[in-house]
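Single-letter residue listing:
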Amino acid sequence: MTSEPKAPSALSAPEPQIGPFAQLIFGSRWLQVPLYVGLIIAQAVYVLLFLKELWQLVLHSFDASEQQIMLIVLGLIDVVMISNLLVMVIVGGYETFVSRLNLSGHPDEPEWLSHVNASVLKIKLAMAIIGISSISLLRTFIEAGNLGTTRSNFTETGVMWQVLIHLTFIISAVGIAWVDRLSESGQRKEARHG
């Protein structure tokens, strides 16, 4: 039997040679890993907060008013939405800025991860922040019936500022989406003419 040399695989391309300074710059992305680990720890803290709030809901379910239960449930939704935001930042940010996770084909791969990039991530984060702000504003509006009493946690000025901040988030998200759309249409025009 003669051993024939194996033909080089058409799929494996030689890795490009880069200089040491370029390697240092490119390798610096790994400095973000502790940041993502910190966000994972923050998410664990949110899980504990969720369980604590859920326990309070169960303990006071028979002696709390409907409004109090609704406020606790809105607090739970708020924690879940912030946790979802953390997942988007952790998974999407790591995939976009550090290294591929190679999840394609995995049954639990998030649908949005297949087309995530920095622009998509910015818009998703802006939408998540608007959702979180909406829940907080809804909680404020539910408690607004107590404005002017000692039971109120808010003042009229405080409610006004929350609304203005929420509107600022919305305007910012629209601005981000508009700039993203402009850059996409510019790239399409360059691709057609290039």
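Scroll up for the structure.
One structure accompanies this document, and this report is about it. (Residues numbered from 1 in each chain as written. Predicted model: local features only at pLDDT ≥ 70, side-chain atom pairs only at ≥ 80, totals over all residues. Heavy atoms only, no water.)

Things to note about the overall build of the protein
Next up, step 1: Each helix and strand in the protein was counted, giving 5 helices and 0 strands.
Next up, step 2: Order of helices (α) and strands (β) in the protein, N terminus to C terminus: α-α-α-α-α.
Next up, step 3: Within the span of the protein, comprising 194 residues, buried residues form 22% of the whole.
Next up, step 4: Working note: accessible area of the protein is about 14300 Å², and carbon and sulfur atoms make up 66% of it. (Helix = DSSP H or I, 4+ residues; strand = E, 2+ residues; numbered from the N terminus. Buried < 20%, exposed > 50% of the residue type's maximum accessible area, 1.4 Å probe, protein only. Areas by Shrake-Rupley, 256 points an atom, 1.4 Å probe, with all protein chains shown as cover.)

Describing the nonpolar core
Next up, step 1: Ranked by size, the top nonpolar core spans 9 residues in total: Ile82, Leu85, Met88, Trp112, Leu113, Val116, Leu121, Ala128 and Ile132.
Next up, step 2: Elements with a contribution of two residues or more to this core: helix H3 (66-98) and helix H4 (118-143).
Next up, step 3: Ignoring any residue separated from it by four or fewer positions in sequence, one finds Met88 in contact with Gly93, Trp112, Leu121, Lys124, Leu125 and Ala128. (Core = buried A, V, L, I, M, F, W, Y, C linked by side-chain atoms within 4.5 Å. Contact = heavy atoms within 4.5 Å.)

Side note on the pattern of salt bridges
Next up, step 1: Applying the stated criterion across every chain yields a total of 1 salt bridge.
Next up, step 2: Across the pair Glu95 and Arg100 runs a salt bridge, and its minimum N-O distance is 3.1 Å.
Next up, step 3: Under the relative-accessibility criterion, Glu95 is labelled buried at 11%.
Next up, step 4: Overall, Arg100 belongs to the exposed group, its relative accessible area being 57%. (Salt bridge = Lys/Arg side-chain N within 4 Å of Asp/Glu carboxyl O.)

The values are spatial; any link to function lies outside them.
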